[in-house]
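Summary of structural features
Here is what each chain is made of, one letter per residue.
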Amino acid sequence: MALHTENSSNGKPMQGYEALFARIQSVAANRLGEVIAQSISSADKYLYDICQQDQTTIGSPNIENLRLFRSASHAIERQFLQALGLAFSKFQQKIKPSDDVSADLSLVDIEDMDDVVNAELVTEALQRNFSDVLDVTSQRFCALLGLSKDEHASTPLTDKSMAEFLRVALAGLEVTPKVRATLFRCYESTLVLHTADLLEEINAPMVAAGILPHLQAARSSRKPEQTPATSVRRESPSVYPERVPVATRPQSPAQHSAEYSTMNDMPVGVAENALFDEICNYLHSWRPQHDRGGFAPEQQTNAPNGGSPSNARRSLSKNEMISLLSSMQGVLSDNVSSAMSTSDTSVSTMLKSEMLNSARNMGIPPESVSIMREDEDALDLVGMLFDVLMSERDFRDEAKTMMSRLVVPYTKAAVLDRRLFLTKAHPARKLLNVLTEAIEGNQGDGPQERELLSKAEGTVEKLVTEFNEDIAVFEMLEQELRAFLDQHRRRIDLAEKRAKEAQRGQDRLEHARAIAQKALDERCQGRDLPGTFQEFFSRYWTHHLSMLALREGEDSLVWDATLKMADDLLAALAFNNPQIRTEAIADKRMQLESVLASSGILGEPATAIIGKLLDSSTHSQQEESTPASAPTASSDASAQPSKLSESNLRMVFNKDALDYDAQDVEFFKSFSIGSWLQLEGSNGSFTPVKLAWISPISSRLMFVNRRGVRVLVVSVEELAQMKKQGKLIVHAQDNVFEQTMDRVLDRLKSDFGG
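Conventions adopted
- Per chain, residues are indexed from 1 in the order of the written sequence.
- Local features are withheld for residues below a pLDDT of 70 in this predicted model, meaning they are given only at 70 or higher, and side-chain atom pairs are given and counted only at 80 or more; totals for whole chains, interfaces and linings count all residues.
- To obtain the side-chain values, all non-hydrogen atoms of the structure were included, while hydrogens and water were left out.
- By definition, a salt bridge exists where a carboxyl oxygen of Asp or Glu is found within 4 Å of a side-chain nitrogen of Lys or Arg.
- Secondary structure elements follow DSSP: runs of H or I of four or more residues count as helices, runs of E of two or more count as strands, with numbering from the N terminus.
- Between buried and exposed lies partly exposed: a residue is buried under 20% and exposed over 50% of the maximum accessible area for its type, with that area taken using a 1.4 Å probe on protein chains only.
- What makes two strands pair is DSSP finding at least two bridges between them.
- In the analysis that follows, any N or O atom pair within 3.5 Å is treated as a polar contact, provided that within protein one partner can donate a hydrogen and the other can accept it, and provided that, for residues neighboring in sequence, both atoms belong to side chains.
- Throughout, nonpolar core names a set of buried Ala, Val, Leu, Ile, Met, Phe, Trp, Tyr and Cys residues whose side chains join them through atoms within 4.5 Å.
- The length a helix should cover is 1.5 Å for every residue beyond the first.
- The score called pLDDT rates the predictor's confidence residue by residue, from a low of 0 to a high of 100.
- Between two residues, a contact is recorded if the distance between any of their heavy atoms is within 4.5 Å.
- For Phe, Tyr and Trp, rings pair up if their centres lie within 6.5 Å, where Trp contributes its six-membered ring, and each pair is then called stacked (planes under 30 degrees apart), edge-to-face (over 60) or tilted (otherwise).
- Whether a charge sits over a ring depends on NZ of Lys or CZ of Arg being within 6 Å of the ring centre and within 35 degrees of the ring normal.
- This arc describes the spread of directions from the helix axis toward the C-beta atoms.

1. Quick look at the pattern of salt bridges
Two side chains that carry opposite charge are able to pair once their charged atoms sit near each other. Per the stated rule, a full pass over the model turns up 36 salt bridges. Of the charged contacts, one joins Lys 318 and Glu 374 as a salt bridge, the two residues approaching to 3.4 Å between their closest N and O atoms. Here Lys 318 is found in helix 8 (residues 318-329), whereas its partner Glu 374 is found in helix 11 (residues 373-392), with 56 residues between them in sequence. Among the residues examined, Glu 374 registers a relative accessible area of 44% and is labelled partly exposed.

Okay, here's the thing in structure tokens:
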């Protein structure tokens, strides 16, 4: 029997649709059941490998993550299939229109935001690979049930619904965010690999039945390109397939050399030149007071008092300096590595010591040579640059090891080209900025973060291996890493967007609760209410009122009705006759049930609470004679919550208790979105945070880290106090290199009490 498309617009399902719909649902359940099973298996293997690599023991976080995941794996698979079945059921019910349409107005819990972000990333992956065929599939679903094309978004196999199946499956399970992110990534790669076959098997019976056979999507549902079968096993897909950025292939070093030569005509920045001169002036005074690592200063090359120059030292030539540094570039010594991880010894001092040893190995007697002041400036400045980076930036141990390998290449670059300190556009500066962005604060918690760390490590390895004397290699590597980082930023931007939405929702909720609390205080302050009524108003009525403030607004009829109900209840409690009190309260049963329902109290529990209210009203006069049942209300609602307050939620803090400078408050009031600060962490290092959002309700500022994760929500006064306490740093510069050079100058000034 053939079904024809002409019948799809008459609002009636196709004849015999039940059997076909059930067959499609069975195919989807089988295919997606295999997908989630493979995803769980891949995630399990990945977590197990982490435990093996780290040689973790029982009780360690990695072992605990694996244990919890294995305990929850069956529940995940079961709830995933339940979510799939519910999606098919809801779509089929659209055949029978219902007036009972309840929009989901609930706020997403803060703890669930990571899952929402992960689900949206899966949605994006499906859209990129299968948008056309998914749209065709949705149209055929609608035609099968005789629904309008406007319902295509509610079909059970859209890109969003297939992503949501896993988010719903994880709801309520004790699985850490790190493991959830791992499972989502496994699910994404496995789902993308199998979606083409799934959609082909779903569409085939509908086309055979004559449902929109003329719609033929381009084979955009092709499976993503894979490496040859010899390196990829189809039955065990890669957990984290490499994602190659869509970008123009970087130019060769030879091409870059031609372009880089144009930098000779690039003007030196006035501000950079002034900063460099000021640092060098301090440096020349600082150097004689500190260990020079065995090399004599250049001014000692002549014999004293015009004597014989037989003991004079000659200055190392530029070529000799480069040769010494090149001999150290491949393998960083343990002494320099240890200097990077401790504040007891400067990097520049240890670097000079290692150069002394290298000179001796190359047949150059160290006692006969000195370093020209220009070259020693470059060496000391690079050492101080990395001293500041290691001590003040949020690098984990692996990242510090990675960054320590840059010391020698950057010293060599500074000796070769002084403009490293004078020109913002210098490729070595730009590479250091993008490398720091990739690894700072990156704990490698998720697959994307590990992938980024791996890319940064590869960039450092290439620089150490390929950098001879051609500065162009910095530019080539910076472009490669930046192209990769640009793709990674899409995830960060999405995470930041969700953080804004979460904070906006939290602000609205806090504001709604404050409005409800104010309405309660206006009615109940100074009253000694029975305990059951206190609990009803503070726990249920204020919650109901805050939800109305969020959804309906203070101008709505239901808001006015809820306020009137409270006034009527309080008036009834004032009646002297117990029977009249009870009858007046009983008349409000339907409204009481409505209030309780907004808190999820239905049926017998609601009846029991109303019964307690009625019993309490009978003895309210006796209870009123015991004022200890209610605390004394405060006349200052902003300073102390009312006696009926559910919590000590504070919307307005006591500004007089904060210690801050007024000019800092004015500065932060004009702080623009997208500006960066450095915030002190628990380990004493400073982490960059960006102002992402300013609340139009409370004027609080929300900051996110480099991963787009919310880390701080404060008022401008609290921020000013943190600045005064030294818990944050405000930089005049935007980029890491310039910020670090400013800190180098600050340290030199501090040494001289300036």
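2. Observations concerning the pairing of strand 6 (residues 710-714)
Both strand 5 (residues 701-704) and strand 6 contribute to a ladder of four bridges, which runs antiparallel. Bridge assignment links Leu 701 to a residue of strand 6, and that residue is Val 714. Hairpin connection of strand 5 to strand 6: five residues between the antiparallel strands, including Gly 708 at a positive phi of 80°.

3. Some details on the side chain of His 426
Inspection of the secondary structure puts His 426 in the loop between helix 13 (407-416) and helix 14 (427-439). Engagement of the side chain of His 426 in a polar contact is seen with the backbone nitrogen of Ala 428, the distance being 3.1 Å.

4. Considerations on the nonpolar core
With 71 residues, the main nonpolar core has Tyr 410, Phe 421 and Phe 474 as its most contacted residues. The leading source of residues in this core is helix 11, at ten residues. Core analysis: the second largest hydrophobic core is formed by 66 residues, Ala 83, Val 122, Val 179 and Ile 202 among them.

5. Side note on helix 11
Look at helix 11: 28 Å from first C-alpha to last across 20 residues, which is about the 28 Å you get at 1.5 Å a residue. With 17 of 20 residues buried, helix 11 lies mostly within the body of the structure.

6. Observations regarding the confidence of the model for the protein chain
Regions with low pLDDT should not have their predicted coordinates read in detail. Predicted confidence across the protein chain gives a mean pLDDT of 76, with 77% of residues reaching 70 or more. Taking the mean pLDDT of every element in the protein chain, the minimum, 38, falls on helix 6 (residues 253-260) and the maximum, 93, on helix 4 (residues 159-170). With pLDDT under 50 throughout, residues 99-108 is counted as low confidence; its partners more than four residues away or in other chains account for seven contacts. Of the regions scoring below 50 in pLDDT, residues 218-266 engages in 81 contacts with residues more than four places distant in sequence or in other chains.

7. Quick word on the packing of aromatic side chains
Enumeration over the complete set of coordinates arrives at 17 aromatic pairs. With a centroid separation of 6.5 Å and 25° between ring planes, the pair formed by Phe 21 and Phe 91 is classed as stacked. Taken as a pair, Phe 21 in helix 1 (residues 17-54) and Phe 91 in helix 2 (residues 61-93) lie far apart in primary sequence, 70 residues in all. According to the relative accessible area criterion, Phe 21 is buried, its value standing at 1%. Seen in terms of ring centroids, Phe 537 and Trp 541 are 5.8 Å apart; in terms of plane orientation they differ by 75°. Their pairing is edge-to-face. Residue Phe 537 and its partner Trp 541 are both found in helix 17 (residues 531-551); the two are separated by four residues, about one turn of the helix. It is Lys 412 that lies over the ring of Phe 467; its NZ or CZ is 4.8 Å from the centre.

8. What to know about helix 23 (residues 662-669)
Burial in helix 23 covers these residues: Asp 664, Val 665 and Phe 668. An end-on view of helix 23 places all buried positions within 105° of arc, on one side of the element. For helix 23, exposure combined with an orientation more than 90 degrees from the buried face picks out Ala 662, Gln 663 and Lys 669. Where helix 23 is buried, its residues meet strand 3 (676-680), strand 5, helix 24 (716-724) and strand 7 (728-729).

9. What to know about the sheet that holds strand 6
If you trace the five strands from one edge of the open sheet to the other, you get 6-5-4-3-7, paired in antiparallel fashion. Strand pairing shows two members of the sheet lacking a second neighbour, strand 6 and strand 7, which therefore form its edges. Note: strand 3 against strand 7, two bridges, orientation antiparallel. The partner of Leu 679 across the bridge, within strand 7, is Leu 728.

10. Digging into the environment of Leu 275
With respect to the helices, strands and loops of the structure, Leu 275 is situated in helix 7 (residues 270-286). A relative accessible area of 18% places Leu 275 in the buried class. For the pair formed by Leu 275 and Asp 742, sequence separation is 467 residues and the distance between their alpha carbons is 7.9 Å. With residues up to four places along the chain from it excluded, the contact list for Leu 275 reads Met 741, Asp 742 and Leu 745.

11. Section: the environment of Leu 183
One can find Leu 183 in helix 5 (residues 177-208). Taking relative accessible area as the criterion, Leu 183 reaches 1% and is therefore assigned buried. Once the C-alpha coordinates of Leu 183 and Ser 41 are considered, the two residues, 142 residues apart in sequence, prove to be 9.4 Å apart.

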